[in-house]
Amino acid sequence: MAPRGLSAEEKRVKLLEIFHESKDFFQLKELEKLGPKLKGIVSQTVKDVLQSLVDDRLVHTDKIGSSNFFWSFPSERGNIIRNRLDAVNNAKSHLRGQLQELNASLEQEKSARPESEKRTAELERLQASKENIKALEEELNAYGVCHPAKVEAKKRAIVAAHEAAVRWTDNYTILLAHFTRQNGVGEQEIRKFLDIEDNYEDIY
């Protein structure tokens, strides 16, 4: 069985090890040689792995002259983890404060709306109305194609189809008259040739 290749995270860890074990700085070409030699990282993937570490601020980079240099110290990862932990704790504190404000508002609303027989009766009537509306909607949907909205939609479709048929009939009449004038052919001959009956225009 062929050996399993390194995962993306394993490549990141091993490339960081090169920096932390050597405590030195490197150029990309140097890392592309050291990656396969020391850590088994495929040379062609070193550039992308290195960029991901730079994006996460685990590796620093700077341009000196015409060359880019990269470096990282063992303390970098710990500092970043601590910064992230501080950010999470700050967000947690902020959310806890918001939760306290919401609980206070909830208690205030409860105090402003004390339970009473009248309020309970109104809530029961509201719930009954909702259930009644739901039952009526279900009954209305049971009519299927006879649903008033569907019937109205079909009426509109019929009107639109009728108007379209009238337009096409008018267009046919105009074209037939033009063709007979231009070619000196009788209408009956054209109708017979096209298999069009005499009552073609009678669609009303």
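Further up the page is the structure itself.
Reading the values: the criteria
Residues numbered from 1 in each chain as written. Predicted model: local features only at pLDDT ≥ 70, side-chain atom pairs only at ≥ 80, totals over all residues. Heavy atoms only, no water. Pairing = 2+ DSSP bridges. Helix = DSSP H or I, 4+ residues; strand = E, 2+ residues; numbered from the N terminus. Axes fitted to C-alpha atoms, helices over the stretch in contact; angles between N-to-C directions. Parallel < 35°, antiparallel > 145°, perpendicular 65-115°, else oblique. Contact = heavy atoms within 4.5 Å. Nonpolar A, V, L, I, M, F, W, Y, C, P; charged D, E, K, R; others polar. Left-handed = near helix turned anticlockwise from the far one by under 90°. Core = buried A, V, L, I, M, F, W, Y, C linked by side-chain atoms within 4.5 Å. Buried < 20%, exposed > 50% of the residue type's maximum accessible area, 1.4 Å probe, protein only. Polar contact = N/O pair within 3.5 Å; in protein donor to acceptor, adjacent residues only side chain to side chain.

Engineer: What's the story with the pairing of strand S1 (residues 60-64) in this structure? I'm lost.
Structural biologist: Look at any regular strand and the pattern is simple: side chains alternate between the two faces of the sheet. By the bridge criterion, 5 bridges tie S1 to strand S2 (residues 67-71) in an arrangement that is antiparallel. Looking at S2, one finds that Lys 63 is bridged to Asn 68. In this structure, the hairpin formed by S1 and S2 is closed by a connection of 2 residues, where Gly 65 is found at a positive phi of approximately 70 degrees.

Engineer: It is not clear to me how the packing of helix H1 (residues 8-22) against helix H3 (residues 46-55) should be interpreted in this structure. Could you clarify?
Structural biologist: Pairs of packed helices are described in terms of their axes, by the angle between the two and the distance that separates them. Contact geometry of H1 with H3 gives a least axis separation of 10 Å together with a crossing angle of 80 degrees. The angle between H1 and H3 places the two elements in the roughly perpendicular class. Within the contact between the two elements, H1 uses Lys 11, Arg 12, Leu 15, Leu 16 and Phe 19 and H3 uses Val 46, Val 49, Leu 50, Ser 52 and Leu 53. By residue class, the composition of the contact of H1 with H3 is 7 nonpolar, 1 polar and 2 charged.

Engineer: Looking at this structure, how should I read the packing of helix H2 (residues 28-39) against H3?
Structural biologist: Where H2 meets H3, the closest approach of the two axes is 10 Å, and the angle between their N-to-C directions is 115 degrees. In this view, H2 runs roughly perpendicular relative to H3, as classed from their interaxial angle. Here H2 runs over H3; the crossing is right-handed. Contacts between H2 and H3 involve Leu 28, Leu 31 and Glu 32 from the former and Val 46, Lys 47 and Leu 50 from the latter. Class assignment for the residues of the contact of H2 with H3 results in 4 nonpolar, no polar and 2 charged.

Engineer: Explain the nonpolar core to me, please; I cannot follow it from the model alone.
Structural biologist: Among soluble globular proteins, nonpolar side chains are generally buried collectively. Formed by 15 residues in total, the largest nonpolar core has its most connected members in Leu 15, Phe 19, Leu 31, Leu 50, Leu 53, Val 59 and Phe 70. Looking at this core, the elements with two or more residues in it are H1 and H3. Ranked by residues supplied to this core, first place goes to H3 with 5 residues. Apart from the residues within four sequence positions on either side, Leu 50 is in contact with Leu 15, Phe 19, Leu 28, Leu 31, Val 59 and Phe 70.

Engineer: Help me understand the side chain of His 20 in this model?
Structural biologist: Take His 20: it is sitting in helix H1. A polar atom in the side chain of His 20 sits 3.1 Å from the side chain of Ser 72. His 20 has contacts with Ser 72, Phe 73 and Pro 74, leaving out every residue within four places of it along the chain.

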